[in-house]
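Each chain, written out:
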Amino acid sequence: MDSLPLLADHPYASFLDQVEKPARYAGGEVGSVVKDWASVEARVCLAFPDVYDIGMSHLGFKILYKLLNDDPRTLAERCYTPWVDMEAQLVKRGLPLVSLESARPLRDFDVVGFSLQFELTYSNILTMLHLGGVPLRSADRGEDDPIVIAGGPTATHPEPIAPFLDAIVIGDGEEKATEVALAWARLKREGVPRRERLVAIARLGAVYVPSLYATRLDPDTGFEVVDRPLASGIPFPIERALVDLNKYPFPDESPTGGPEAIFDRMSIEIARGCTEGCRFCQAGMIYRPVRERDPEQIVDTVMRAVQRSGQDEVSLTALSTADVSCISPLIKKVTERLTAERISLGVSSLRAYGLEPDLLDELKRVRATGLTFAPEAGSQRMRDVVNKNVTEEQLLETAERVFSRGWGKMKLYFMIGLPTETDEDVRGIVETGARAAGAGRRAAGKGKPVDVTVSVSTHVPKPHTPFQWAAMDTLGEVGRKQRLLKDTVRPYRAVTLKTHEAHVSVLEGIFARGDRPLADVLERAWRHGARFDSWEDKLDLAVWEEAFTHVGVDREKYLGTLPVTARLPWDHIDVGLEEGFLAKEYRKALQSRLSPPCGKVAGTFVHHTNLDDAKADARRLVCYDCGVACDMTQMREERLTFLDRLGAHRRSLPVLTDAGAAPPAAAAGPSGAPASDGGAERESVGGAERESVAATEPKSGDDREPSRAEGEAPHRARRIAPAPKGRGGFRYRFRFEKAGPMALLGHLDVVRELPRVLRRVGAPMTYTAGFHPKPDMTFSPALSLGVISLDEYVDLRLERDLDPAALDALVAAMSAASPRGLVFSGAVKLGPEDPSLSKLIAGARYALAFARSAIGGDAEALLAARCSAALSAASLPIRREIDRLAKMVDVRQYLVRAEVGGPEVHAALARAGLVGDLVALEVEVDIRGSGAVKSSEVAAVITGEPGEAPGAITPPPHRAVRLQLFGRTSPAGSAAGERFSLFDLERARRVKPAPERTAALPLAADAE
Ligand code: SF4
């Protein structure tokens, strides 16, 4: 049975605390926008086909959310895939999937817009449509249904999901999102029939409306390909949209303060596109040309974002951050500004060379435990094939630099299953790792630990890349190569090998190069339970096997080598590349020939870091005429302008370049293209090429980051940590309430949020000393999820000395800057003599509220009798289970008082948002250094049926409110002393803690 609703008027209110991480569904974060539906012309639900924790890190989502909400004509709300437990609840209760902001079903919006990041999220799209009340297939939608659109990297090869989508935006979404939403809503208001509306949307350009195109079977491949348009005036092929990024500054605010996202930092996109041309990387092909944001704009955005979010870490991201032209001076500039604010800087995909030495040395002061690099292949020949032109010498040099600077770990990412791969290349992966470990050992010095992790995933050929025609390894072949890796690694103790589940990659490969008939397979698999297929522990292969067999689709045709001349299921999507460019790159790959980076000076792999050098270098920039037609003059000019704006006028220190390696032999040919590909040498430390695989394995136990937002580089790179402060500053005790959505937020999330609230209001905290400095604070004992509190405390240290008036103003400002449900109600300054919370807290008072109907009869009399019985019992045992370990707890040892609650308790319940015909108990319990009891355990032993086994006692549905935390004038456990407020410092100073009380309060698991 359900508990009393925690969120007023929310359709999930009565059962939210029965699901894992309920705050995923509650909304109310700082920066979330709730607009009046009547005030706008078009309402958009941004739908992310994965769980909240992953979707919240997605940069594209943040861009569109801000853009649509800043526009007075539109609003955007968010919805993420409900986790399986929540889906089960919604199905059981017949409730729709609703948005976070206004709790409206998806079917109520004008537009439902999905983000297509990864093929294995497609089944989640069907879950969201179905639960949101929207017919699954475009063909089944009626006049009043929303338009279901999608965009993102896999939108460039959308056929397997096409029948479920009304329209697909190709390319950058910044302009199209608003244009489509407004056009659709206007046409709907005007009463234009749905099909005509779709034709009008298709005519906007850069929008593919699958139902308006005929398909045919290609005799060469057996693929169903898109043949021709069915309406006049609609594009064929469909060209992508491309925006000037500087017209759309990266958002400086987005929702924050909910459950922890996988990338829990303020990520700022500094460039889109990539110069490197890795042949397996789809993002590097479809986001061309590289477009860099104005560095002044980046610095401003970073500073505003930090202030608004309160986050203590900023990450500068791009597909290959190291190859952004002004990255070195930009990092310096951002670091200068952030250091003053004690904010860490994370830079993804940063080279270990090509940077000035002082910057490299800064990287020693990190909190990260290791560094990651992506050589991708284990032999020079193979790296030439994939166009990852790092040499082994550079990699070993990098290992020396890393380990000599004090890091003990290094991680290297590789792939197996690349075209032309031999067993020698596969063994070379482990051997490269072993040589890196050897170089590291020599550099680290005697006795220093050196650990090199070699993480090996399976290559998935992706559309719109030079490898789109290449065969994917069969499962058997992947297994054989993985065994070969395991055999090879055995003698190398300093190398840790990690491999990945190949079934996930094979399914991804089928859907990446798939055609429309796969839509039937997808729907069948989904109807039989396919969910969260990118999560290794959720992928149900049997369901997919059955679906392929039932629909009669031969998987092999999607996995083999494809003829270069064949029509492909994604040929009608034009991402801007010249016909023939990909095929030329494929041929070069098969001949192990490199194509050095484009957009850089011929023969170099590192951009100039100062204006003098950049101006003096008149050499042409490399270009392969790939089709996107970069303006090389403008590119060069823009870089000079950016260096000028950053004040990087002359070289201040010698640059560590890729000089140790032989200079590339490539000389510029026509259009700046190299006449020869030989000799190109550089290092790469990650990059977008991982995108296809990076999103595969959340929670799989694998150490790769589970999913990556668009433009988010995969490797957690170096972070410049704030200077340790030690226990300086000024001590304060704050009181706060935790209700509504905050009662659904885990204790650790609240602990994470508080320093951010303080940064948002400009009251920075001091940090603990040591290698991992943390905000200096102590919280009152943790609450179970769903328990409201009107009386929580935290002791913390702030940098500033505040008088009482300033403290009151700070308290008010903190409430205004907090997520919904977190309210600060007071603060006092503490002196050195004032005992900490952990030594003071002796007990708690709770209200346990029950719906009168759940108790039945004369509820008050019944509960009064149960209270008397409980208090006269010698023991009240209950079985407590934590992480599948059970222990017996005697609740009676902690129970001090239990009685039917009076008017004061009912007033408190109303303040906590609990209304209705309620009957309440007021209970008082001890909190000791050795332990405590949960309010649910107290409710169970008082209201459980007499004679029930301790492990089986379930209380009637109720809601607990912590009314008060207090100290006692005599040691805890005696119950004899008087209670006193934790703000009563006079009495607090006179109390001697019980001998058993140490500095620590009970652990979160058994505290309340
Ligand atoms: S046009 Fe030339 S410089 Fe621009 S992305 Fe294509 S190859 Fe690179």
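Please read these numbers as outputs of a predicted model, since none were measured by experiment.

Visitor: In this structure, what is going on with unusual backbone geometry? I would like to understand it.
Guide: Leave glycine aside and you will find that most residues have negative phi; peptide bonds, for their part, are mostly trans. Along the chain, Phe236 connects to Pro237 via a cis peptide bond; the corresponding omega equals 0 degrees. Tracing the backbone through its elements, the reader meets Pro237 in the loop between strand 8 (224-229) and strand 9 (238-239). Residue Pro289 is bonded to the preceding Arg288 through a cis peptide linkage, with omega at -10 degrees. Here Pro289 is to be found in the loop between helix 7 (282-286) and strand 12 (291-292). One non-glycine residue, Thr420, lies in positive phi territory at about 70 degrees. Here Thr420 shows up in the loop between strand 16 (409-416) and helix 13 (423-444). For Ser592, which is not glycine, the phi dihedral falls at a positive 55 degrees. Relative to the assigned elements, Ser592 resides in the loop between helix 19 (581-590) and helix 20 (611-616).

Visitor: Is there a simple way to think about empty space enclosed by the protein in this case?
Guide: The gaps left among the atoms become clear once a water-sized probe is rolled over them. The computed volume of the largest cavity comes to approximately 490 Å³. As for the largest cavity, its lining consists of 34 residues, and the residues nearest its centre are Leu64, Gly151, Gly152, Gly171 and Gly173. Secondary structure elements with two or more residues in the lining of the largest cavity: strand 1 (42-48), helix 2 (59-70), strand 3 (111-115), strand 4 (147-151) and helix 5 (174-189). Among the residues forming the lining of the largest cavity, the class breakdown is 18 nonpolar, ten polar and six charged. The computed volume of the second largest cavity comes to approximately 200 Å³. Surrounding the second largest cavity, 14 residues form its lining, Val601, His607, His608, Ala614 and Arg639 being those nearest its centre. With four residues, the single largest contributor to the lining of the second largest cavity is helix 21 (residues 632-645).

Visitor: Just checking my understanding: could you explain the sheet that holds strand 1 for this structure?
Guide: Strand-to-strand pairing in sheets goes through backbone hydrogen bonds, with the strands running parallel or antiparallel. Read across the open sheet, the six strands follow the order 2-1-3-4-5-6; overall the sheet is mixed. This sheet does not close on itself; its edge strands, each paired only once, are strand 2 (74-80) and strand 6 (207-208). In this sheet, strand 4 lies alongside strand 3 in parallel orientation, the contact comprising five bridges. The partner of Ser115 across the bridge, within strand 4, is Gly151. Along the sheet, helix 2 makes contact with strand 1, strand 2 and strand 3, crossing strand 2 at roughly 150 degrees. In the packing of helix 6 (residues 194-202) onto the sheet, the strands contacted are strand 4, strand 5 (167-169) and strand 6, and the crossing angle to strand 4 comes to about 25 degrees.

Visitor: What should I look at first to understand the pairing of strand 23 (residues 788-798) in this one?
Guide: Regular strands place their side chains on alternate faces of the sheet. Summarising burial for strand 23: eleven of the eleven residues are buried, a large majority. Note: strand 21 (residues 730-738) against strand 23, eight bridges, orientation antiparallel. Looking across to strand 23, one finds that Arg735 is bridged to Tyr793. The pairing of strand 22 (residues 777-779) with strand 23 spans three bridges and is classified as antiparallel. Bridge assignment links Thr778 to a residue of strand 23, and that residue is Asp795.

Visitor: What am I meant to see in the packing of helix 4 (residues 122-131) against helix 16 (residues 518-527) here?
Guide: A pair of packed helices is captured by two measures, namely the crossing angle of their axes and the spacing between those axes. Two elements in contact, helix 4 and helix 16, have axes whose closest approach is 10 Å; the angle formed by their N-to-C orientations is 65 degrees. Taken together, helix 4 and helix 16 sit at an angle that is classed as roughly perpendicular. With respect to the hand of their crossing, helix 4 and helix 16 are arranged in right-handed fashion. On helix 16, the residues that touch Tyr122, Ser123, Leu126, Thr127 and His130 of helix 4 are Leu522, Glu523 and Trp526.

Visitor: Any chance you could explain the environment of Pro11 here in plain terms?
Guide: Here Pro11 shows up in the segment before strand 1. Setting aside chain neighbours within four positions, we find Pro11 in contact with Leu95, Val98 and Ala103.

Visitor: Teacher, can you tell me more about the confidence of the model for the protein here?
Guide: Do not read the predicted coordinates in detail wherever pLDDT is low. Residue-level pLDDT values for the protein average 86, and 86% of them are 70 or greater. Contacts for the low-pLDDT stretch residues 654-725, under 50 throughout, to residues beyond four places or in other chains number 286 contacts. Note on residues 997-1006: pLDDT under 50 across the span, and 30 contacts to partners over four residues away in sequence or across chains.

Visitor: How should the pairing of strand 4 be read in this particular structure?
Guide: Most of strand 4 is tucked away: five of the five residues are buried. With burial as the criterion, each face of strand 4 is covered, one bearing Ile147, Ile149 and Gly151 and the other bearing Val148 and Ala150. What joins strand 3 to strand 4 is helix 4, and the crossover it makes is right-handed. Inspection of the sheet shows strand 4 paired to strand 5 by two bridges, in the parallel sense. Directly across from Ala150, in strand 5, lies its bridge partner Ile168.

Visitor: Before we go on, may I ask you to explain the site of the ligand in this structure?
Guide: Taken together, Arg288, Cys598, Val622, Cys623, Tyr624, Asp625, Cys626, Val628, Ala629, Cys630 and Met632 are the residues near the ligand. Of the residues belonging to the shell around the ligand, the class tally is nine nonpolar, no polar and two charged.

Visitor: Would you mind going over the nonpolar core with me for this structure?
Guide: A general feature of soluble globular proteins is that nonpolar side chains tend to end up buried together. With 169 residues, the main nonpolar core has Trp544 and Phe734 as its most contacted residues. Excluding its chain neighbours within four sequence positions, the residues that come into contact with Trp544 are Leu507, Phe511, Val521, Leu522, Ala525, Ala530, Asp533 and Leu539. Core analysis: the next-biggest nonpolar cluster, separate from the first, contains 45 residues, Ala932, Ala940, Val941 and Ile942 among them.

Visitor: Just to check I follow, could you spell out the pattern of salt bridges for this structure?
Guide: Side chains that differ in sign of charge can pair as their charged atoms come close. Enumeration according to the criterion identifies 79 salt bridges in this entry. Of the charged contacts in the structure, one is a salt bridge between Glu737 and Arg911, with a shortest N-O distance of 2.5 Å. Here Arg911 lies in helix 28 (residues 903-911) and Glu737 lies in strand 21, a separation of 174 residues in the sequence. A relative accessible area of 52% means that Arg911 is categorised as exposed. Salt bridges linked by common partners bring Arg845, Arg897, Glu899, Glu904, Glu922, Glu924, Asp926, Arg928, Arg968 and Arg979 together as one network.

Visitor: Sorry, what's going on with helix 2 here?
Guide: Because each turn of an α-helix spans 3.6 residues, side chains separated by three or four positions end up pointing in the same direction. Here helix 2 contains twelve residues, and its C-alpha end-to-end distance of 17 Å stays within 8% of the 16 Å for a straight helix at 1.5 Å per residue. By the criterion of burial, helix 2 is predominantly enclosed, with nine of the twelve residues buried. Among the residues of helix 2, those classed as buried are Leu59, Gly60, Phe61, Lys62, Ile63, Tyr65, Lys66, Leu68 and Asn69.

Conventions used here
- Residues numbered from 1 in each chain as written.
- Predicted model: local features only at pLDDT ≥ 70, side-chain atom pairs only at ≥ 80, totals over all residues.
- Heavy atoms only, no water.
- Helix = DSSP H or I, 4+ residues; strand = E, 2+ residues; numbered from the N terminus.
- 1 Å grid on protein atoms, 1.4 Å probe; cavity = no way out; pocket = protein on both sides within 12 Å on 5 of 7 lines; lining within 4 Å.
- Points joined across faces, edges and corners; volume = space filled by probe spheres on them.
- Nonpolar A, V, L, I, M, F, W, Y, C, P; charged D, E, K, R; others polar.
- Pairing = 2+ DSSP bridges.
- Contact = heavy atoms within 4.5 Å.
- Axes fitted to C-alpha atoms, helices over the stretch in contact; angles between N-to-C directions.
- Buried < 20%, exposed > 50% of the residue type's maximum accessible area, 1.4 Å probe, protein only.
- Parallel < 35°, antiparallel > 145°, perpendicular 65-115°, else oblique.
- Left-handed = near helix turned anticlockwise from the far one by under 90°.
- pLDDT = per-residue confidence, 0-100.
- Right-handed = clockwise from strand over helix to strand, strands pointing away.
- Near = heavy atom within 4 Å.
- Core = buried A, V, L, I, M, F, W, Y, C linked by side-chain atoms within 4.5 Å.
- Salt bridge = Lys/Arg side-chain N within 4 Å of Asp/Glu carboxyl O.
- Expected span 1.5 Å × (residues − 1).

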